[in-house]
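Report on the structure
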Amino acid sequence: MLDQNDVNVIRGLLKEEIALCMAKAEEHLSQTIEERMIKAEEHLGQKMEARMVELEERFDKKMERRITESELRMKGFMKEELAGSENLVLRELDRVHEMLDKKIDRVQQDVNDMKQYYQIARLEDTNITLVFQMVQSLNDRVERLEKMRA
């Protein structure tokens, strides 16, 4: 699962990406508006300057309102998309976490089995050594007894 730092990093990256997109959109809109204004001024000339100022102000207000509305819609859309993406990532992390937990459990069981096998093998080695010592001791006693009888 993502910790708070990861979530903050993702949020920061997303904020930067949104800001970049907004800057590009504003730049594109500004260029479009500027081009239209220059063409209109050249065409109408000085006689229409007063009317042009009025139209320009109305146009700016309208565009500002539309940009604001567009920004709000974009933010809402981005928020929904980010929430969906975040949920998808979290579900995938949970799935991977469960899978890794199962694998770790299997490895732990294998380690426990190996420990038991090692303990059994060590005990068998100890028992064999003791039996061998007992047989050796009995052989020594038998040899001494045979020497005493002979």
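Note that the structure is predicted; figures quoted are calculated from it, not measured.

Attention shifts here to the overall build of the chain. For the chain, the count of helices and strands is two helices and zero strands. Its C-alpha radius of gyration of 42 Å places the chain more than 25% over the 15 Å reference for a compact globule of 150 residues. Projected onto its principal axes, the C-alpha coordinates of the chain cover approximately 150 × 25 × 20 Å. Counting the 150 residues in the chain, one finds 3% classified as buried. Total accessible area computed for the chain in this model is approximately 13700 Å², and 57% of it derives from carbon and sulfur atoms. A gap of 4 Å separates the mean positions of the 26 positive and 33 negative side-chain charges of the chain.

With that settled, consider the layout of surface pockets. One number sums up the size of the largest pocket: a volume of about 420 Å³. Contributing to the lining of the largest pocket are 15 residues, with I10, R11, L14, L82 and E86 lying nearest its centre. Only α1 (4-44) and α2 (49-149) provide two or more residues apiece to the lining of the largest pocket. The element best represented in the lining of the largest pocket is α2, accounting for eight residues.

Our focus in this paragraph is the pattern of salt bridges. Counted by the stated rule, this structure contains three salt bridges. Between R95 and E92 there is a salt bridge, with the nearest N and O atoms lying 2.5 Å from each other. Highlighted residues: R95 and E92, both in helix α2, separated by three residues, approximately one helical turn. Relative accessible area serves as the criterion here: at 38%, E92 is assigned to the partly exposed category.

Here we take up the environment of R91. Here R91 is to be found in helix α2. As for R91 and L29, which are separated by 62 residues in sequence, their C-alpha atoms are 39 Å apart.

On to the environment of M78, then. Tracing the sequence through the fold places M78 in helix α2. M78 sits in the partly exposed class, given a relative accessible area of 23%. The spacing of M78 and K61 is 17 residues in sequence and 25 Å in space, taken between C-alpha atoms.

Together, D94, E98, D101 and D105 give the surface a local cluster of negative charge. With respect to the secondary-structure elements, D105 resides in helix α2.

Taken together, the side chains of M99, L100 and I104 present a nonpolar region at the surface, about 270 Å² in accessible area. Note that I104 resides in helix α2.

Calculation rules
Residues numbered from 1 in each chain as written. Predicted model: local features only at pLDDT ≥ 70, side-chain atom pairs only at ≥ 80, totals over all residues. Heavy atoms only, no water. Helix = DSSP H or I, 4+ residues; strand = E, 2+ residues; numbered from the N terminus. Rg over C-alpha atoms; globule rule 2.2 N^0.38 Å. Buried < 20%, exposed > 50% of the residue type's maximum accessible area, 1.4 Å probe, protein only. Areas by Shrake-Rupley, 256 points an atom, 1.4 Å probe, with all protein chains shown as cover. Lys, Arg positive; Asp, Glu negative; His and termini not counted. Charge placed at Lys NZ, Arg CZ, Asp CG, Glu CD. 1 Å grid on protein atoms, 1.4 Å probe; cavity = no way out; pocket = protein on both sides within 12 Å on 5 of 7 lines; lining within 4 Å. Points joined across faces, edges and corners; volume = space filled by probe spheres on them. Salt bridge = Lys/Arg side-chain N within 4 Å of Asp/Glu carboxyl O. Patch = residues over 30% accessible without salt bridge, like charges linked within 9 Å, V, L, I, M, F, W, Y side chains within 5 Å.

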